[in-house]
Amino acid sequence: MNRKFLNFLEQILIISIFQYIFYNFLNFKIIPSFFLIYLLLLSFEGYTELSLFLSFLLGVFNDFFSKEVLGTSSLRYLLIVYFSSFFVVKSIKEKSIFIFIFSFLYFVLSNLKKGELIWSGKILLKYSFLFSFYNFLIAIIIEIFVREIKRKWEESYF
Amino acid sequence: MLWRFRKEIIFLIFIFFSFLIEKHTLNKKVDSKTKIKNQYFYNYEEIIEENKRLREIFNLKEKKIITNFKVAEVIGVYPYIFPGEIIINKGKEDGIKKNMIVFTKDLFLIGKVEEVMDRYSKVVSIFNNKTRISVILGSTGEIGIIEGGYAPFILMKYIPYDSKVKIGDDVLTSNFSEYYFSGIKIGKVYKIIREKDSLFLKIWVKPYIASCGLKEVIICE
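Presented here is a report on the structure given in the accompanying data block. Being a predicted model, the structure only gives us computed values, none of them experimental.

Below, the discussion takes up the interface of chain A and chain B. Counting residues at the interface gives 30 residues for chain A and 28 residues for chain B. Where the side of chain A that touches chain B is concerned, the elements lending two or more residues are α3 (48-66), α4 (72-84) and β2 (116-117) of chain A. The biggest single contributor to the side of chain A that touches chain B is α3(A), with eight residues. Per-class residue counts for the side of chain A that touches chain B are 13 nonpolar, eleven polar and six charged.

For the rest of this paragraph, the subject is the sheet that holds strand β6 (residues 132-137) of chain B. Sheet strands line up and pair through hydrogen bonds in the backbone, either parallel or antiparallel. All names here are of chain B. The antiparallel closed barrel is built from six strands, whose spatial order is β6-β7-β8-β11-β10-β9. In this sheet, adjacent strand axes meet at a mean angle of 45 degrees when their direction is disregarded. In this sheet, strand β11 (residues 200-207) lies alongside strand β10 (residues 185-193) in antiparallel orientation, the contact comprising six bridges. Its bridge partner lying in β11, Lys188 is registered against Lys206.

This next bit is on the nonpolar core. By size, the foremost hydrophobic cluster in this structure holds 82 residues, and its most contacted members are A:Ile37, A:Leu39, A:Leu40, A:Leu78, B:Val102 and B:Val205. The leading source of residues in this core is helix α2 (residues 34-45) of chain A, at ten residues. Both of domain 1 (11-127 + 212-220) and domain 2 (132-209) of chain B provide at least three residues apiece to this core. Beyond its immediate sequence surroundings of up to four residues, A:Leu40 is in contact with A:Val81, A:Ser84, A:Ile99 and A:Phe102.

Cut-offs applied
- Throughout, residues of each chain are indexed from 1 in the direction in which the sequence is written.
- Think of it this way: whatever chain is written first is A, whatever ligand is written first is 1, and the rest follow in order.
- The model is predicted, so local features are restricted to residues of pLDDT at least 70 and side-chain atom pairs to those at 80 or more, both for listing and for counting; the totals for chains, interfaces and linings are taken over all residues.
- Once C-beta atoms are placed from the backbone, any two residues with those atoms within 7 Å are in contact.
- The numbering of helices and of strands both runs from the N terminus, where a helix is a DSSP run of H or I of at least 4 residues and a strand a run of E of at least 2.
- Only Asp, Glu, Lys and Arg are considered charged in this grouping, and only Ala, Val, Leu, Ile, Met, Phe, Trp, Tyr, Cys and Pro are considered nonpolar; every other residue, Gly among them, is considered polar.
- When DSSP finds two or more bridges between two strands, those strands count as paired.
- Lines fitted to C-alpha atoms define the axes here, with helix axes fitted over just the stretch in contact, and angles between the N-to-C directions of these axes take values from 0 to 180 degrees.
- To count as a nonpolar core, a set of buried Ala, Val, Leu, Ile, Met, Phe, Trp, Tyr and Cys residues must be joined through C-beta atoms within 7 Å.
- Here exposure depends only on C-beta density: within 10 Å of a residue's C-beta, 20 or more other C-beta atoms make it buried, 12 or fewer make it exposed, and intermediate numbers make it partly exposed, the C-beta atoms being placed from the backbone.
- Domain ranges listed in this record stem from an automatic or a database domain assignment.

And the structure:
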């Protein structure tokens, strides 16, 4: 239990560092959301309650990094993670596709204010697609990387 | 029984906390930041930069470019790139009213105040889908309308097909706007599209605010 807890802490720290670097040091217009990818992967693994709790926490971190009002990202993360928890997703392919879809929804949500879109539909579609595509690629990389680590770990122990 | 709905319960509890934290941040931001600044010099570079920016703003008053204005700090933007809505830390208590104009320190147009709360206000920027402003081309004097929602650009409409507009021409607010006074710089012409079946040009304007940081803003009537 203790080891698992430390593992989660380690993972949160790593993705927070990545997210911070992307927000502050890289000059990208659209920044992939490491937090969202991590939360969705956790939710797909079956850690729904933990994922919901972390949605709140990482949302606050995200607002610190992106200069949004505290609490707004938490709301979006909570909604996305809650809906994602109804899907049973196992393979890398399925996970990546679902991450693409939910990232798209997340970006559209972040552009909604009182039921109205802040940008025009065409522009929003373009940026949402780009954001989702970045997240999709990162999710594939993370999943392959994690599987490789697990495989090596199993090989060395058994 | 309740254990079955633990997911929903956790979800609702944290939704409630998120709303709470959002409301709290908007209402308390002014006080907390002032307190911190009085207590510690936590980041010298940031304070020096802020000082420089504020000096530039107050120079406007000394040079009598604009005399009656208020300075506010940006406390939130939606979305984080090309924000269509900006939240500032001044509200009714500081004399902010609906439809006041908001500029950058270089006097580039950001937008206008849309909603005023007691301690904060919401500003609709020129990137917002709702924005429609009567503008004038600096070089030819032709009048058109700019439309937001096309980040990172804004769309200028109703300029005649045979206009002599060039790339790089300045776009300013015209005299025909209900809320904006004339001559406020908005952006530069970036691309001109001549569609054969249209009487008007389609002009893409690159707003000045796309390339300047939004930390402090100037608000005036």
